[in-house]
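# Structure at a glance
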Amino acid sequence: MKTSFFKHCLTVLTCGLLALGAGHAYADQQKLPSGMPYDQIGQKIEDYYKEHEKTSAGLATSVFDKDGQTIYQNNFGYVDKEKKWAVDDNSVFEWGSATKLTVWVSVMQLWEEGKIDLKTDIKEYLPKDFLKGKLTYDKPITMLDLMNHQAGFGDTGLAKGTSKNLGDTLKKVHIYQAYEPGTVTAYSNFGTALAGYIVERISRQSYADYVHEHIFEPLDMRHTALLPDLSDNPYVVEKRKEVKGYTRDGRLIGEAPYLIEMYPAGRATGTLEDFKAFAQALLQKKTLFKRSETWDTLYTATSNYPDSDLPTNAHGFWSDLYQDQVILGHGGNTAGFSSSLTLDLKSGIAAVILTNQLGEKNYVEKIPELVYGQKKDVPNKKKEELKPGFYR
């Protein structure tokens, strides 16, 4: 009996080891949407950086999944090439227009609380005659129009300056309504900042205070600033002084100050870890909203390419097609920085990229393709059907 018992134990133990071995082999074979095994993406990115090192500056990037697993993360190059100050985990980068995602999350939080209707004329939420002199059409502008960049504004940039009073900034901006609301997708920094001001009006907090309380603090994003002068985070103020901006081909720009008065549209500045924490919450659909229905609504398409079921936008998140899968996210550029945040909600994979180069293309375009597969363009037939206008 003893011999039989020990044989049985040995058999169970052996089977258990085989099962564990099989599980480990399966983990090693996990693949990204592009088809690349998890354990190869790091080498691919590193090889790609070496290939472009001479024309690069600094790069911080991470690829991760919805289960909280970091598939790959690394820092490359320099925040200051001339002084040979390397990018590290404490380095800060400007998000640029990826900041806009904080606006749309804020709007959807207020929508979840029943404090805003996405289809109501935004004049209901603004001071009387706030948009006087800026509107050409009588047709109402809705929050969905702002989210879709279809309010019709002919944009004029980001309004550079140090004022923290968003309402005063927006009133003084010279802008005109070039298109009837809901008809043309015309990328608008003004429209996004206007949505941020509506968040202020409804919440009775400054936009920066609202975001810190309802996004940054719940996600433990302790190293990200938002105000034009970054004064809402002393750590970022000091770390930003260390970073130089560079051109797309790696030539020095310098301090690259970009004090954005319409700050909800493009001013966030912080570490890769904070940027990743924001993206991780978006991927995992956690913390930022109380109800799963809000997440479902957020990622539902709100505008499509003409005569197509391919979405252009989902409540402020732009869509791109990689292989045959729609990827949601947002990129950004300032005077010396470029960024990218992309989400594959189907596979549960995301990637974030931060660089200190103006209009950087090598990494913000190539790394997503390594992760998701080849990016596809809108079919030519659809392009021909688009109306003339300012497109993203």
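Residues numbered from 1 in each chain as written. Predicted model: local features only at pLDDT ≥ 70, side-chain atom pairs only at ≥ 80, totals over all residues. Heavy atoms only, no water.

### As for the pairing of strand S13 (residues 317-322)
Within S13, 5 of the 6 residues are buried, which leaves the element mostly enclosed by the surrounding structure. Strand direction decides the pairing type here: strand S12 (residues 311-314) and S13, joined by 2 bridges, are antiparallel. Each residue of the ladder has a partner; that of Ala314, found in S13, is Phe317. Hairpin connection from S12 to S13: 2 residues lie between these consecutive antiparallel strands, with His315 at a positive phi of about 50 degrees. Here 5 bridges tie S13 to strand S14 (residues 325-333), and the two strands are oriented antiparallel to one another. From the neighbouring strand, Tyr322 faces S14, where its bridge partner is Gln325. In this structure, the hairpin formed by S13 and S14 is closed by a connection of 2 residues, where Gln323 is found at a positive phi of approximately 55 degrees. With 2 bridges joining them, S13 and strand S17 (residues 375-376) adopt antiparallel strand pairing. Pairing of Leu321 across the sheet is with Lys376, part of S17. (Buried < 20%, exposed > 50% of the residue type's maximum accessible area, 1.4 Å probe, protein only. Helix = DSSP H or I, 4+ residues; strand = E, 2+ residues; numbered from the N terminus. Pairing = 2+ DSSP bridges.)

### Focus on the packing of helix H2 (residues 38-52) against helix H11 (residues 362-372)
The interhelical angle for the contact between H2 and H11, taken along N-to-C directions, is 155 degrees, at an axis separation of 11 Å. Considering the angle they form, H2 stands roughly antiparallel to H11. The hand of the H2/H11 crossing is right-handed. Residues Ile41, Lys44, Ile45, Tyr48, Tyr49 and His52 of H2 touch H11, and the partners they reach there are Asn362, Tyr363, Lys366, Ile367, Leu370 and Val371. A breakdown of the residues in the contact of H2 with H11 according to their chemical character gives 8 nonpolar, 2 polar and 2 charged. (Axes fitted to C-alpha atoms, helices over the stretch in contact; angles between N-to-C directions. Parallel < 35°, antiparallel > 145°, perpendicular 65-115°, else oblique. Left-handed = near helix turned anticlockwise from the far one by under 90°. Contact = heavy atoms within 4.5 Å. Nonpolar A, V, L, I, M, F, W, Y, C, P; charged D, E, K, R; others polar.)

### Observations concerning the pairing of S12
Pairing of strand S11 (residues 303-304) with S12 involves 2 bridges; the strand directions are antiparallel. By the bridge assignment, Ser303 is partnered in S12 with Asn313. Following S11, the chain reverses through 6 residues before pairing antiparallel with S12; Asp307 in that reversal takes a positive phi of roughly 55 degrees.

### Considerations on the pattern of salt bridges
In total, this model carries 15 salt bridges according to the counting rule given. The closest approach of N and O atoms between Lys164 and Asp229, which form a salt bridge, is 3.4 Å. Of this pair, Lys164 sits in the loop between strand S5 (153-154) and helix H5 (166-172) while Asp229 sits in the loop between strand S7 (224-225) and helix H8 (234-240), and the two are 65 residues apart along the sequence. According to the relative accessible area criterion, Lys164 is partly exposed, its value standing at 41%. Since its relative accessible area comes to 31%, Asp229 is described here as partly exposed. In this structure, Asp320 and Lys375 form a salt bridge, with 3.7 Å as the shortest nitrogen-oxygen distance. Of the two residues, Asp320 sits in strand S13 while Lys375 sits in strand S17, which places them 55 residues apart along the sequence. Under the relative-accessibility criterion, Asp320 is labelled partly exposed at 24%. A cluster of three or more residues bridged by salt bridges with shared partners is formed by Asp80, Lys244 and Glu255. (Salt bridge = Lys/Arg side-chain N within 4 Å of Asp/Glu carboxyl O.)

### Some details on the sheet that holds strand S10 (residues 269-270)
Taking strand neighbours across the sheet as the criterion, the 3 strands line up as S4-S10-S7 in an open arrangement whose pairing is antiparallel. In this open sheet, the two edge strands, each paired with only one partner strand, are strand S4 (93-94) and S7. As paired elements, S4 and S10 share 2 bridges and run antiparallel to each other. By the bridge assignment for S10, Glu94 is matched with Thr269.

### As for the nonpolar core
For soluble globular proteins, the rule of thumb is that nonpolar side chains tend to be buried together. Met143, Leu146, Leu194, Phe278, Leu282 and Leu288 are the most contacted members of the largest nonpolar core, which totals 76 residues. The dominant element in this core, judged by the number of residues it contributes, is helix H6 (residues 189-203), at 8 residues. Not counting residues within four places of it along the chain, the set of residues in contact with Leu194 comprises Ile122, Leu126, Phe130, Leu131, Leu146, Phe153 and Leu170. Judged by nonpolar contacts, the second largest core, of 23 residues, contains Ile45, Val63, Ile353 and Val371. (Core = buried A, V, L, I, M, F, W, Y, C linked by side-chain atoms within 4.5 Å.)

### Description of the packing of aromatic side chains
This structure, assessed with the given rule, holds 14 aromatic pairs. On the numbers, 4.9 Å between centres and 20 degrees between planes, the contact of Phe130 with Tyr197 is stacked. One end of the pair, Phe130, is in the loop between helix H3 (100-112) and helix H4 (143-147); the other, Tyr197, is in helix H6, and 67 residues separate them in sequence. For the pair shown, Phe130 and Tyr197 are each scored as buried. Taken together, the aromatic side chains of Tyr48, Tyr49, Phe76 and Tyr363 make up a single cluster linked through ring pairs. Over the ring of Tyr246 we find Lys81, and its NZ or CZ is 5.5 Å from the ring centre. The ring of Tyr78 carries Lys84 above its face, with NZ or CZ at 5.1 Å from the centroid. (Phe/Tyr/Trp six-rings, centres within 6.5 Å; stacked < 30°, edge-to-face > 60°. Lys NZ or Arg CZ within 6 Å of the ring centre and 35° of its normal.)

### Considerations on the confidence of the model for the chain
The predicted model of the chain has a mean per-residue pLDDT of 90, with 88% of residues at 70 or higher. Counted against residues more than four places away or in other chains, residues 1-28, with its pLDDT under 50, gives 1 contact. (pLDDT = per-residue confidence, 0-100.)

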